Amino acid sequence: MTLFGLGVVLAATGLPTAVQWGSLVSALAGLLGLSVAAAGLWGNTRQRRQQTASGASEHSPEILERLASAIEVQWRAETEVRQLNRLLPLSVRWRSAAADLMDRLDTIAGVAVDPRDEELMRQFYLSGELTEVGDAFERLPSHRLVILGEPGAGKSAIALRLTRELLLRRHSGEPVPVLLTLGSWNPATEHFYAWVARCLEETYPVLRVATESGESVAQHFVNTRRVLPILDGLDEMSDDVRVQSIGALNRALTDDDPLVLTSRTREYYTTVRSPDPSRPTSLPHVHTSEVLAAAAVIELLPLLPAEVENYLGQATPVSHVDKWTPVFAQLHREPTGPLCSALSTPLMTSLARVAYCNTTASPAELLDRRLSDRRTIEAHLLDRLIPSVYEDRPPPSGRSSWNVAQANAWLRFLAVHLDRLGTRELAWWDLRRLTPRLSGGIGIGLLTGLSASLLITPIYVLAWGLRLGIVGGLTFMLISSVVYGLIVRFSAVSTPLRVNVRQYVDLRRRFTGLKVGLRAGSRAALVSGPSVGIAVGLVDGFIYGLVAGPTAGAGIGLATGVAVGLADAFSVGLAVALVYVLDVPADVSRAVSPSFLHNVDRVAALIRAVVVAVAIGLATALVAGLLVVEFASGFPAGPRQASLVIGGYAGGLVFGLGAGLAAGLATAYGRLTLARVWLAARHRLPWALMAFLDDAHHRGVLRQVAGTYEFRHSQLQNRLIASVA
């Protein structure tokens, strides 16, 4: 339609008039572009903050309840996947930890405790079974609890169960329990509650909306203590950071702030006990014998042989229970032996269930003489997991099927990747780090610039001839790569976006997004406009100078440089601003999962690409086409002249398509797509990556933590890493 309409104007008015129209349109575009920049840079800050609030304070109680509902749905689904709601769960028992690992009992209980009654008080507060952990927490006046256990003892599972129990027991307006992984917190650089708020904002982007006070909804919930942090994995921190975290927690917590913390026993012991003088520390003035204030500390107990036998026997079909007879006999014969020691944790017992209860494999192989100690038995059970779940379990309906060798290779690659990043969280949007050069601004700019150039160069050759067409194609690649790189630089996002089309009728939110977008758009415009204008002016002046002489070339170069620079500032600024209008968080009541974030970010990437392609394509087609009209005025009227004009308009449209592609690739989904292509081509990961991760989650190899995955246990991840070495 654009080509047809401008062709009619050209045919009706002739080239001279078309050139005048081009100058007028360029001037108007430039003025409008400057208006966009001015509005973004010098907008009224106070009014912006008032609009950003968007009634968030009024609806915060409703948002809190919907947050609680979303978290319950999320962890209920994960409980089902991990099979923690089995009819016969493992009987995990717990008792009070050593007295020197916790605060004074009277501080925990909130009343003076007679030393003669301390043991009775410990039994009342700090002993029980898995099903009683919710009652035990609520009995604690301080509402602070530390859960200790050996690797695989079930700390994460009991934290998940406690989260769900507290959600089911809470009343409207009470704090919402939130299960968080501690690995991403650095107490040296970030306050504890600032980190909690950041985690909420990353998991539920709708909580980033500002309240009337200027803080986000997540910060408001944290500052008013509307969330109850349940922190998993203190032991995953490095020694120095773990030591510092206890002091940071004590400084952050006020008298009535609740908290739950999990850790391996040994790591917690070395953190809160007096330091070893021979162990160096890089942290000055750190008091390493500080316990978590007012927190009761419990320790998960190992499973007894009878508990292991009862669990595995009940999990095996009646017709095949006899295959466990030699194993059960060995457990009772040597209750302190290596086999009993290995199966004393819920992790290893559950791995034994997966490997043998419903498979054709014989558990008698656990009695092999080569499995002579606990370490080798545990390594054997870890090695059996992937073959068991990929050989003996067909994929769910509609899912792809991968063999054991493929799954092993890909999971090892992911385990090594996480180890290099120093994290256990497998976030699909972080896989771009495996291809840093390809997914950066320069990489995407060059890639999209080259793609657009390959598309437009044949058109230029047909319309302008071989020599001029190739020069035009190379010039197009140079300019477009710079512009596309700038679009990526100013609109790139590293985490998933959420676009809710149903919320577009909320004009206040759209206006807020537009104002924020104008600020970002103006910055992009002020960088892109001058740089592109200078580049186009120099190239256009040089080419025109070859035809009409140096003086005419200099004049045309100056005029076109100014016109294109202003028009480019407008188109880039408007495109970036519109992207911000569209990037709106979805409803917090939706349960978060990696697949959900991936799907909504894919929609956001598509909308970004279309909006940017249309905005920039139309603007540049108009301006570039009319500039070529001016250039074509030096040629005799006829097919040659018309082909030059059509080539100019086509270049503008292709430029817009490339800009849209660059904007789409600048999203988390776009960067993942580039990483998937690269990694699949090198056979590092499957092309259907998200389907593979989701399938591994349902098979029990991975577990889901909000919008990310983790390996079922750090021991599994470490075993996969060791198998690579």
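What you see is a predicted model; the values in this text were computed from it and never measured.

Analysis parameters
Residues numbered from 1 in each chain as written. Predicted model: local features only at pLDDT ≥ 70, side-chain atom pairs only at ≥ 80, totals over all residues. Heavy atoms only, no water. Helix = DSSP H or I, 4+ residues; strand = E, 2+ residues; numbered from the N terminus. Buried < 20%, exposed > 50% of the residue type's maximum accessible area, 1.4 Å probe, protein only. Contact = heavy atoms within 4.5 Å. Areas by Shrake-Rupley, 256 points an atom, 1.4 Å probe, with all protein chains shown as cover. Core = buried A, V, L, I, M, F, W, Y, C linked by side-chain atoms within 4.5 Å. Polar contact = N/O pair within 3.5 Å; in protein donor to acceptor, adjacent residues only side chain to side chain. Salt bridge = Lys/Arg side-chain N within 4 Å of Asp/Glu carboxyl O. Pairing = 2+ DSSP bridges. Axes fitted to C-alpha atoms, helices over the stretch in contact; angles between N-to-C directions.

1. Examining the overall build of the chain
Alright, step 1. Across its full length, the chain carries 28 helices and 9 strands.
Alright, step 2. Burial status across the chain gives 55% buried among its 725 residues.
Alright, step 3. In the chain, 79% of the contacts between residues at least 6 apart in sequence involve partners at least 24 apart.
Alright, step 4. Summed over its atoms, the accessible surface of the chain is roughly 32100 Å², and 60% of this surface lies on carbon and sulfur atoms.

2. Here we look at the nonpolar core
Alright, step 1. Formed by 141 residues in total, the largest nonpolar core has its most connected members in Phe192, Leu207 and Tyr268.
Alright, step 2. A total of 9 residues in this core trace back to one element, the largest contributor, which is helix α18 (residues 404–421).
Alright, step 3. In this structure, Tyr460, Val612, Ile616 and Ala666 belong to the second largest nonpolar core, which totals 20 residues.

3. Things to note about the side chain of Glu378
Alright, step 1. When you line up the elements, Glu378 lands in helix α17 (residues 374–391).
Alright, step 2. Polar side-chain contacts of Glu378 include one of 2.9 Å to the side chain of Arg374.
Alright, step 3. For Glu378, the residues in contact, after removing those within four places along its chain, are Ala342, Met348 and Gln715.

4. Things to note about the pattern of salt bridges
Alright, step 1. Under the definition given, this model contains 22 salt bridges.
Alright, step 2. Here Glu138 makes a salt bridge to Arg169, at a shortest N to O gap of 3.1 Å. Taken as a pair, Glu138 in helix α7 (residues 133–139) and Arg169 in helix α8 (residues 155–169) lie far apart in primary sequence, 31 residues in all.
Alright, step 3. Among the residues examined, Arg169 registers a relative accessible area of 29% and is labelled partly exposed.
Alright, step 4. Notably, a salt bridge pairs Glu236 with Arg424, separated by 2.3 Å at the nearest N-O pair. On the criterion of sequence distance, the pair formed by Glu236 in the loop between β5 (227–232) and α11 (239–252) and Arg424 in the loop between α18 and α19 (436–439) is long-range, its members being 188 residues apart.

5. Regarding the sheet that holds strand β3 (residues 144–149)
Alright, step 1. Ordered by their spatial adjacency, 7 strands build an open sheet running β2-β1-β7-β3-β6-β5-β4, and the pairing between neighbours is mixed. Bordering the open sheet on either side are β2 (128–129) and β4 (176–181), each of which pairs with just one other strand.
Alright, step 2. Inspection of the sheet shows strand β1 (residues 93–96) paired to strand β7 (residues 296–300) by 3 bridges, in the antiparallel sense. Its bridge partner being in β7, Ser96 is matched across the sheet by Ile298.
Alright, step 3. Across the sheet, α8 is in contact with β1, β3, β4, β5, β6 (259–264) and β7; its angle to β4 comes to roughly 160°.

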